[in-house]
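Below, each chain spelled out in residue letters.
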Amino acid sequence: MDAKLQGYIDKLNKLNFKEMYEGDFFLTWEKTDDELEAVWTVADALRYMRENNISTKVFESGLGISLFRDNSTRTRFSFASACNLLGLEVQDLDEGKSQIAHGETVRETANMISFMADVIGIRDDMYIGKGNKYMHDVVDAVTEGHKDGILEQKPTLVNLQCDIDHPTQCMADMLHIIHEFGGVENLKGKKLAMTWAYSPSYGKPLSVPQGVIGLMTRMGMEVVLAHPEGYEVMPEVEEVAKKNAEKSGGSFRRTNDMADAFKDADIVYPKSWAPFAAMEKRTNLYAEGDSEGIKALEKELLAQNANHKDWACTEELMKTTKDGKALYLHCLPADITGVSCETGEVDASVFDRYREPLYKEASFKPYVIAAMIFLAKFENPAEILKKLDERAEARKFN
Amino acid sequence: MDAKLQGYIDKLNKLNFKEMYEGDFFLTWEKTDDELEAVWTVADALRYMRENNISTKVFESGLGISLFRDNSTRTRFSFASACNLLGLEVQDLDEGKSQIAHGETVRETANMISFMADVIGIRDDMYIGKGNKYMHDVVDAVTEGHKDGILEQKPTLVNLQCDIDHPTQCMADMLHIIHEFGGVENLKGKKLAMTWAYSPSYGKPLSVPQGVIGLMTRMGMEVVLAHPEGYEVMPEVEEVAKKNAEKSGGSFRRTNDMADAFKDADIVYPKSWAPFAAMEKRTNLYAEGDSEGIKALEKELLAQNANHKDWACTEELMKTTKDGKALYLHCLPADITGVSCETGEVDASVFDRYREPLYKEASFKPYVIAAMIFLAKFENPAEILKKLDERAEARKFN
Amino acid sequence: MDAKLQGYIDKLNKLNFKEMYEGDFFLTWEKTDDELEAVWTVADALRYMRENNISTKVFESGLGISLFRDNSTRTRFSFASACNLLGLEVQDLDEGKSQIAHGETVRETANMISFMADVIGIRDDMYIGKGNKYMHDVVDAVTEGHKDGILEQKPTLVNLQCDIDHPTQCMADMLHIIHEFGGVENLKGKKLAMTWAYSPSYGKPLSVPQGVIGLMTRMGMEVVLAHPEGYEVMPEVEEVAKKNAEKSGGSFRRTNDMADAFKDADIVYPKSWAPFAAMEKRTNLYAEGDSEGIKALEKELLAQNANHKDWACTEELMKTTKDGKALYLHCLPADITGVSCETGEVDASVFDRYREPLYKEASFKPYVIAAMIFLAKFENPAEILKKLDERAEARKFN
């Protein structure tokens, strides 16, 4: 066997991730370090095999159900790519064309769509306290359905973004960092600035900053969360970040000063998000059907937002980072000053300079998703990789 | 070979279903008893193979076209699952995105979408006298297209619900009954109550009650159709039911008394539907574009409907069935009193007790659809099953 | 090996099309004669193999991205069929569900959807000067993405209709002609009439007449473009047609007299289109957001259109063609007098007589698209065909 692939397999054999088999992926902080490392290792292995024209199709048939409660291009295609890579056909549950509803029917619909589903990917990030909860309801339903003999297999859930975390994004971000810095072992002591940045379209989900501080604090990095006053994220996730940092020998702190965060940073992640408290309020207003209240809240948030146009990733700020060359991250699409909007999250020249690494960052997502599925579906993933290599079926005929 | 699989093959070898090859599936009563039995047998065999990780992928490429003229989750996913199980990729003909129209163009569009289609699944149940007719137009078109050398293969049509029958649902219902009662041979003399039940959403299709009385009367059962006066189904289908009952040594009768139907019943199927005569009237009003007339009719039907809230599958009624434990059936979703609506078709406690069997009932549908396709596509299905077993390709790599 | 298949392979081996490898398909006149011939040859070979149950699945996994900026049935299903035939799963980029936009983001989105895309098919024909340009932007983006290591493979672009050409349609039309006339070598001197015809739905794209005169002039045919005054096509494409005719030893001329074009024609292609100049004006009005101007233009065009109801493919005109039996072509759907509209492009009796060949004409499109993909993806397509034949995997299990 090829040495590189053997390397991935050897690495897997040293990790303990046996709890992932038949499991699900909700939040990164519900996973052990070994489990996260297993995801990155399998992602790298799958990518390596695809690049070397070795088919990683492990399913002759089977469905990958996607449920997007918000418009999506990147995540939709990443999920479709991941399923396709493993041999699963994507079937979209378009709620406009169906009637998946609250209460009883979540349980029912989850079973009705899963007779031949090996994975369910859900994006549900709009309402605080709802998305992650909904995913758990779905998993509970299909777990019971499988136990009762209704479903031949238990589909694994992949959280494609919820109100709390965006694990496929953050795991892809981290895999990108690992590649850029030459390994997890090189991250200790590196400074990462997760900072708020102004965008004219206020109201962006909190899942990215929360996911980033919940994950990046685990590698011994110095993680700084920066935002204007009033843009706090979920306090529970800050708690997670603090504990992670303690355990990993890194640090976590919050500041209201963007320059402070950028100063000597090795990695910067400037991005707009909505205040957690406001999102919670909005969720309640929606629940009450209070459209006047929602309008008033939006007006208020836009006004608040407009006070912080100086929170931008400018060339000047970038110069203050480590050697002036911090790795710039973004989940995309970014609001680029003078390009996609008048005043945005990032200077056009900064964005342009980092375009290639940004696209590379995104390119890890399909593999991360595929790895999550792979690890949930096979009891011995290392052995399966070995057998796929021995099978030596070409992805593209030759 | 495994004894169980051999059993299915032996059974198939005793049945005569050679007319199914290159055929279509419109109505159950157009099929012989042997043909129906072949569907159930192949469905069981395909399920058994999937459960034992034997791939039943019989197509390396090919499309399964789906055309849904009404929202659908269950049937959509069942069809997608069935196609996927056999190796066909689903391609949805979304009429919003296309222009499939009346007259000449049905013939044309049917051919244009079928160059590589092995199956076409259509749901068209809204207008009396239209859905089944439309399916025949499609089949006539592709049959001629195949004869003329335009289509390499004749796609087989699977009726996913029309104005007359809902064969994939009723065949799945029956396969569930067969499993619950331990074989077709045990159904003789069993009492089945197909009864109307109140739902606040009046206007549900007639295809389920019609399909049930048209199919269940063939097994020697005592089938009772119960509904309030004015909720008659298509008279032609009642005729079918009567003839079936005579031939099978069972019985068929109609009553306007729900209690009468439930009394000592072995199986109950309480469910709302719209009166046939009203649906016929509505179809004509739509054809005339008489929106005032439609509104008036809807008002009238809602008023009529509200008179029958006492038609519900209550705990009290369930106690009157055979040993108080009749098998409760429903095509789902059910209108559950106090859960999905204030007053509905069934008590919440009854529904809850039967949830597991209800989901199992639904789980047969993908396999029934796959069996219909399989039987239309292979001249010698028994031999193909045998060869698939010998091929021994894993559905999930191992 | 089968002699017929060997014939296709032998033919390929005589042609020079090495520039097609890793290339794209924008316009037919950007391709050499050998390259076009290679498309037809591979299309015939793929069809032959499918008809003989030899799988041509060359991808174990991979996506075919489709982007339709206009409703479409025929092309959508042709593209889906072509992808499926080669083993690619279609993933539709529904712009309603995403946010692919202008400027910077074309580059970004093109990369974000292409991580595992082997082909991108785009239909964008509405605005003059936009569609083809957009396709080039996409190709430039993914070419760079591939070079930068972001995309493992460079997806090939297939132009599914742009503002200038409709190459998959015209290549299918031509393959139909070749089959009807028994070979390219028999086309020299044949007269083809590409003529305008009246349809009540004015405003149809110019890509078909432009594509036809840009392609059919290459085979030594006498091509006549006929239309009422004011219905000119893009002058650049007329220039292409003229040069083609000179080079191929055929001819190209324009007339405002439909009878002149039909007289002794071997092939007729009567079809409505909008005047180029008007479409250009409309594009500008849209760009300016001038909805009053658009309404005024539409009114004007409809009035102009109504002056030419005598431009129809009647039985009388058909009698004036070569032996009264010219081959009648149309890209479908046609506007048929007395069937789909009161007065249309063609008499119902003419259309009916040519229905079978018309459907056959359409049936070549999936194979033409598949051939375009095949030729872009394999360096030695002839060898791949040979190996597929040796692999002898059944498309439909047997």
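Just so we're clear, the structure is a prediction, and the values are computed from it rather than from any experiment. (Residues numbered from 1 in each chain as written. Chains lettered and ligands numbered in written order. Predicted model: local features only at pLDDT ≥ 70, side-chain atom pairs only at ≥ 80, totals over all residues. Heavy atoms only, no water.)

### Things to note about the packing of aromatic side chains
Centre distance and the angle of the planes are the two values used to describe a pair of aromatic rings.
Step number 1: Applying the stated criterion across every chain, the model contains 21 aromatic pairs over all chains.
Step number 2: Geometrically, the ring pair formed by Tyr328(A) and Tyr354(A) is tilted, given 5.7 Å between the ring centres and 50° between the ring planes. Of the two residues, Tyr328(A) is situated in strand β9 (residues 327-328) and Tyr354(A) in the loop between α13 (348-353) and α14 (355-363); the sequence distance between them amounts to 26 residues.
Step number 3: Residue class for Tyr328(A) comes out buried when judged on its relative accessible area of 0%.
Step number 4: Aromatic pair Trp196(B) and Tyr231(B): ring centres 4.5 Å apart, planes at 50°, arrangement tilted. (Phe/Tyr/Trp six-rings, centres within 6.5 Å; stacked < 30°, edge-to-face > 60°. Helix = DSSP H or I, 4+ residues; strand = E, 2+ residues; numbered from the N terminus. Buried < 20%, exposed > 50% of the residue type's maximum accessible area, 1.4 Å probe, protein only.)

### Details of the interface of chain B and chain C
How big an interface is tends to be reported as the loss of accessible area on association of its parts.
Step number 1: Contact with chain B, which involves 38 residues of that partner, is made by 39 residues of chain C.
Step number 2: Roughly 3,700 Å² of surface becomes buried between chain B and chain C when both sides are summed, with 54% attributable to carbon and sulfur atoms.
Step number 3: The tally of links from chain B across to chain C stands at four salt bridges.
Step number 4: One salt bridge in this structure joins Glu60(B) and Lys57(C), with 4.0 Å as the shortest N-O distance. (Contact = heavy atoms within 4.5 Å. Buried area = accessible area lost by both parts, 1.4 Å probe. Salt bridge = Lys/Arg side-chain N within 4 Å of Asp/Glu carboxyl O.)

### Observations regarding the relation of the copies chain B and chain C
Step number 1: Superposing chain B onto chain C takes a rotation of 120° plus a shift of 0.0 Å along the axis, which leaves an RMSD of 0.0 Å. Here the symmetry operator amounts to a three-fold rotation axis. Closest approach to the rotation axis within chain B is made by the C-alpha atom of Glu89(B), at a distance of 4.5 Å.
Step number 2: A different interface surface on each copy is seen, since only 8% of the contact residues of chain B are contact residues in chain C too. (Least-squares fit on C-alpha atoms with pLDDT ≥ 70 in both.)

### Looking at the interface of chain C and chain A
Step number 1: Contacts between the two partners involve 37 residues from chain C, matched on the other side by 39 residues from chain A.
Step number 2: Of the roughly 3,700 Å² buried between chain C and chain A on both sides combined, carbon and sulfur atoms contribute 54%.
Step number 3: For the interface between chain C and chain A, the tally reads four salt bridges.
Step number 4: Of the charged contacts, one joins Arg50(A) and Glu152(C) as a salt bridge, the two residues approaching to 2.5 Å between their closest N and O atoms.
Step number 5: Counting residues per element, the ones that place at least two in the side of chain C that touches chain A are β1 (63-68), β2 (89-92), α4 (104-112) and α16 (381-391) of chain C.
Step number 6: Ranked by residue count, the leading element in the side of chain C that touches chain A is α4(C), at six residues.
Step number 7: The residue makeup of the side of chain C that touches chain A, split by class, is 13 nonpolar, 10 polar and 14 charged. (Nonpolar A, V, L, I, M, F, W, Y, C, P; charged D, E, K, R; others polar.)

### Focus on unusual backbone geometry
Residues and elements named next belong to chain A.
Step number 1: That bond from Leu 332 to Pro 333 is cis: its omega, -5°, falls within 30 degrees of zero.
Step number 2: Backbone geometry places Gln 161, a non-glycine residue, at a positive phi of 135°.
Step number 3: On the secondary structure map, Gln 161 appears in strand β4 (residues 156-162).
Step number 4: Assessed through its relative accessible area of 5%, Gln 161 is described here as buried.
Step number 5: Of note, the phi angle at Asp 323 is positive, near 55°, even though the residue is not glycine.
Step number 6: Mapped onto the fold, Asp 323 is located in the loop between α12 (315-319) and β9.
Step number 7: Given the relative accessible area of 65%, Asp 323 is considered exposed.

### Quick word on the packing of helix α6 (residues 167-181) of chain C against helix α7 (residues 207-216) of chain C
All names here are of chain C.
Step number 1: With their axes 9 Å apart at the nearest point, α6 and α7 run at an angle of 50° to one another. When the axis of α6 is compared with that of α7, the two are oblique. The two elements α6 and α7 meet at a crossing, and its hand is right-handed. On α7, the residues touching Gln 169, Cys 170, Met 171, Asp 173, Met 174 and Ile 177 of α6 are Val 208, Gly 211, Val 212, Leu 215 and Met 216.
Step number 2: Class assignment for the residues of the contact of α6 with α7 results in eight nonpolar, two polar and one charged. (Axes fitted to C-alpha atoms, helices over the stretch in contact; angles between N-to-C directions. Parallel < 35°, antiparallel > 145°, perpendicular 65-115°, else oblique. Left-handed = near helix turned anticlockwise from the far one by under 90°.)

### Considering the sheet that holds strand β7 (residues 251-255) of chain B
Residue and element names in this part refer to chain B.
Step number 1: Taking strand neighbours across the sheet as the criterion, the five strands line up as β7-β6-β5-β8-β9 in an open arrangement whose pairing is parallel. Edge strands, defined here as strands with exactly one partner in the open sheet, are β7 and β9 (327-328).
Step number 2: Pairing of strand β5 (residues 191-196) with strand β6 (residues 222-226), which is carried by five bridges, proceeds in the parallel orientation. For Met 194, the partnering residue across the bridge sits in β6 and is Leu 225.
Step number 3: Its contacts with the sheet place helix α8 (residues 235-248) against β6 and β7, and it is angled at close to 140° to β7. (Pairing = 2+ DSSP bridges.)

### Quick look at the environment of Glu95(C)
Step number 1: The residue Glu95(C) is located in the loop between β2 and α4 in this model.
Step number 2: Taking the relative accessible area as the measure of exposure, Glu95(C) reaches 25% and is therefore partly exposed.

### Notes on the sheet that holds β4(A)
All names here are of chain A.
Step number 1: If you walk across this open sheet you meet the four strands as β2-β1-β3-β4, and the pairing is parallel. Looking at the sheet topology across the chains shown, the edges are occupied by β2 (89-92) and β4. In this sheet, neighbouring strand axes are inclined to one another by 20° on average, regardless of whether the strands run parallel or antiparallel.
Step number 2: Direction of pairing for strand β1 (residues 63-68) relative to β2: parallel, over a ladder of four bridges. Residue pairing across strands places Gly 64 opposite Val 90, the latter belonging to β2.
Step number 3: The strands touched by helix α5 (residues 131-147) are β1, β3 (117-124) and β4; relative to β4, the strand with the most contacts, the crossing angle is about 170°.
Step number 4: Against the sheet, helix α15 (residues 365-377) touches β3 and β4, its axis set at about 150° to β4.

### Quick look at the side chain of Arg282(A)
Residue and element names in this part refer to chain A.
Step number 1: Considering the arrangement of structural elements, one finds Arg 282 in helix α10 (residues 276-288).
Step number 2: Of the side chains with opposite charge, Glu 298 comes closest to the buried, unpaired Arg 282, at an N-O distance of 5.2 Å.
Step number 3: Excluding its chain neighbours within four sequence positions, the residues that come into contact with Arg 282 are Met 126 and Leu 297. (Lys, Arg positive; Asp, Glu negative; His and termini not counted.)

### As for α7(C)
Step number 1: Of all the 10 residues making up α7(C), 10 are buried; the element is thus mostly covered by neighbouring parts of the structure.
Step number 2: For α7(C), the set of buried residues is Ser207(C), Val208(C), Pro209(C), Gln210(C), Gly211(C), Val212(C), Ile213(C), Gly214(C), Leu215(C) and Met216(C).

### A word on the side chain of Asp24(B)
Step number 1: Tracing the backbone shows Asp24(B) in the loop between α1 (3-14) and α2 (33-51).
Step number 2: Separated by 2.8 Å, the side chains of Asp24(B) and Lys154(B) make a polar contact. (Polar contact = N/O pair within 3.5 Å; in protein donor to acceptor, adjacent residues only side chain to side chain.)

### Thoughts on the relation of the copies chain C and chain A
Step number 1: Superposition of chain C onto chain A requires a rotation of 120° combined with a translation of 0.0 Å along the rotation axis, giving an RMSD of 0.0 Å.
Step number 2: Here only 8% of the contact residues of chain C are again contact residues in chain A; the copies associate through non-equivalent surfaces.

### Comments concerning the pattern of salt bridges
Step number 1: One pass over the full model with this rule turns up 84 salt bridges over all chains.
Step number 2: Among the salt bridges present, the one from Asp124(B) reaches Arg69(B), with a minimum N-O distance of 2.8 Å. Of this pair, Asp124(B) sits in strand β3 (residues 117-124) while Arg69(B) sits in the loop between β1 (63-68) and α3 (74-86), and the two are 55 residues apart along the sequence.
Step number 3: The partner of Asp260(B) in a salt bridge is Arg253(B), and the shortest N-O contact between them spans 2.9 Å.
Step number 4: Each member of the salt-bridge network shares a partner with another, and the members are Asp70(A), Arg123(A) and Asp125(A).

### Some details on the environment of Ala348(A)
Residues and elements named next belong to chain A.
Step number 1: Of note, Ala 348 is situated in helix α13.
Step number 2: Take Ala 348: its relative accessible area is 26%, and that puts it in the partly exposed class.
Step number 3: In this structure, the C-alpha to C-alpha distance between Ala 348 and Phe 59, residues 289 residues apart in sequence, is 43 Å.
Step number 4: Excluding its chain neighbours within four sequence positions, the residues that come into contact with Ala 348 are Ile 336, Thr 337 and Val 339.

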